[in-house]
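A closer look at the structure
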Amino acid sequence: MSSSSFFTNYPLISAFLAFSIAQSIKFFTSWYKERRWDFKQLVASGGMPSSHSATVVALATAVGFQEGFGGAIFATSLILASIVMYDATGVRLHAGRQAQVLNQIVCELPAEHPLAESRPLRELLGHTPPQVIAGGLLGVTTGAVGHLITSAAAR
């Protein structure tokens, strides 16, 4: 395996590009809403669109175009994408909601309580279904456009 194959790995590039686009959208959306640059948005989880969903769907789409949609590698990447997307709207979303409730409880504790000064839990962990769908659509688009570009370059 040559080192140049890493930089020409279309599924890998599609996945990284989809992640970067999704995080950039969050970054600029945050600036538009708050009129300040929040560089944490470049790596933060949660929000619109889901970068996790965009990443795994771009990977699955690119693998499908490159290796065929009937193969085991595509099936594996599709199952991985499904699990990640399910987790984002299930476990992680509900963990974030529980964190909101726990943070509210801690805020209402008397000042002398040992937990009254504890650091708040992160609340933005998961995604709503529209955020996951938007990430998935971004992933399909990124993978498909990458396929069109690599196909045109190969001619």
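Thresholds applied
Residues numbered from 1 in each chain as written. Predicted model: local features only at pLDDT ≥ 70, side-chain atom pairs only at ≥ 80, totals over all residues. Heavy atoms only, no water. Core = buried A, V, L, I, M, F, W, Y, C linked by side-chain atoms within 4.5 Å. Buried < 20%, exposed > 50% of the residue type's maximum accessible area, 1.4 Å probe, protein only. Helix = DSSP H or I, 4+ residues; strand = E, 2+ residues; numbered from the N terminus. Contact = heavy atoms within 4.5 Å. UniProt positions renumbered as here; feature names shortened; annotations may be inferred. Phe/Tyr/Trp six-rings, centres within 6.5 Å; stacked < 30°, edge-to-face > 60°. Expected span 1.5 Å × (residues − 1). Polar contact = N/O pair within 3.5 Å; in protein donor to acceptor, adjacent residues only side chain to side chain. Axes fitted to C-alpha atoms, helices over the stretch in contact; angles between N-to-C directions. Parallel < 35°, antiparallel > 145°, perpendicular 65-115°, else oblique. Left-handed = near helix turned anticlockwise from the far one by under 90°. Nonpolar A, V, L, I, M, F, W, Y, C, P; charged D, E, K, R; others polar.

Looking at an unreviewed UniProt entry, one finds the protein chain named Acid phosphatase/vanadium-dependent haloperoxidase-related protein and attributed to Hibiscus sabdariffa.

Moving on to the nonpolar core. One recurring pattern in soluble globular proteins: nonpolar side chains tend to sit buried together. Residues Ala18, Ala22, Ala54, Ala58 and Leu138 constitute the largest nonpolar core, which totals five residues. When residues of this core are traced back to their parent elements, those giving at least two are α2 (10-34) and α3 (51-67). If we ignore the near neighbours within four places in the chain, the residues touching Leu138 are Ala18, Ile21, Ala22, Ile25, Pro49 and Ala54.

When the UniProt feature table is mapped to this numbering, "transmembrane region" (unreviewed entry) covers residues 12-30 and 69-88. The straight-line gap between the two end C-alpha atoms of residues 12-30 is 27 Å; of that span, 100% is helix and 0% is strand.

Any pair of aromatic rings gets described here by the distance separating the centres and the angle formed by the planes. Here the structure, examined in full by the defined rule, presents three aromatic pairs. Measuring from ring centre to ring centre gives 5.3 Å for Phe27 and Phe28, while their planes differ by 75 degrees; the resulting arrangement is edge-to-face. Look at Phe69 and Phe74: their rings are 5.0 Å apart centre to centre, the planes differ by 75 degrees, and that puts the pair in the edge-to-face class. A relative accessible area of 44% means that Phe69 is categorised as partly exposed.

Taking 1.5 Å per residue as the helical rise, α3 with its 17 residues ought to reach 24 Å, and the 24 Å between its terminal C-alpha atoms agrees with that figure. Every buried residue of α3 is listed here: Ser51, Ser53, Ala54, Val56, Val57, Ala58, Ala60, Thr61, Ala62, Val63 and Gly64. Of the residues trailing α3, Gly68 is marked for its positive phi of about 105 degrees.

Right, let's talk about helix α6 (residues 129-154) for a bit. An α-helix turns once per 3.6 residues; consequently, residues spaced three or four apart project the same way. Spanning 26 residues, α6 covers 37 Å between terminal C-alpha atoms, matching the ideal 38 Å at 1.5 Å per step. Those residues of α6 that are buried are in contact with α2, α3 and α4 (72-89).

In this structure, Ser77 sits in helix α4. Dropping the residues within four chain positions of it, Ser77 is found in contact with Ala60 and Val63. At a separation of 2.9 Å, a polar atom in the side chain of Ser77 contacts the main-chain carbonyl oxygen of Phe74.

For the rest of this paragraph, the subject is the packing of α2 against α6. Relative placement of two packed helices is described by the angle separating their axes and the distance separating the axes. The N-to-C vectors of α2 and α6 enclose an angle of 135 degrees; their axes lie 9 Å apart at closest approach. As summarised for this structure, α2 and α6 are arranged oblique, according to the angle between their axes. Considering the relative orientation of α2 and α6, their crossing is right-handed. Facing Tyr10, Ser14, Leu17, Ala18, Ile21, Ala22 and Ile25 of α2, the residues of α6 in contact are Leu138, Thr142, Gly143, Gly146, His147 and Thr150. Split into classes, the residues belonging to the contact of α2 with α6 amount to seven nonpolar, six polar and no charged.

This brings us to the environment of Ala22. Relative to the elements of secondary structure, Ala22 occurs in helix α2. Considered as a pair, Ala22 and Gly139 are 117 residues apart in the sequence and their alpha carbons are 9.1 Å apart. Ignoring any residue separated from it by four or fewer positions in sequence, one finds Ala22 in contact with Pro49, Ser51, Ala54 and Leu138.

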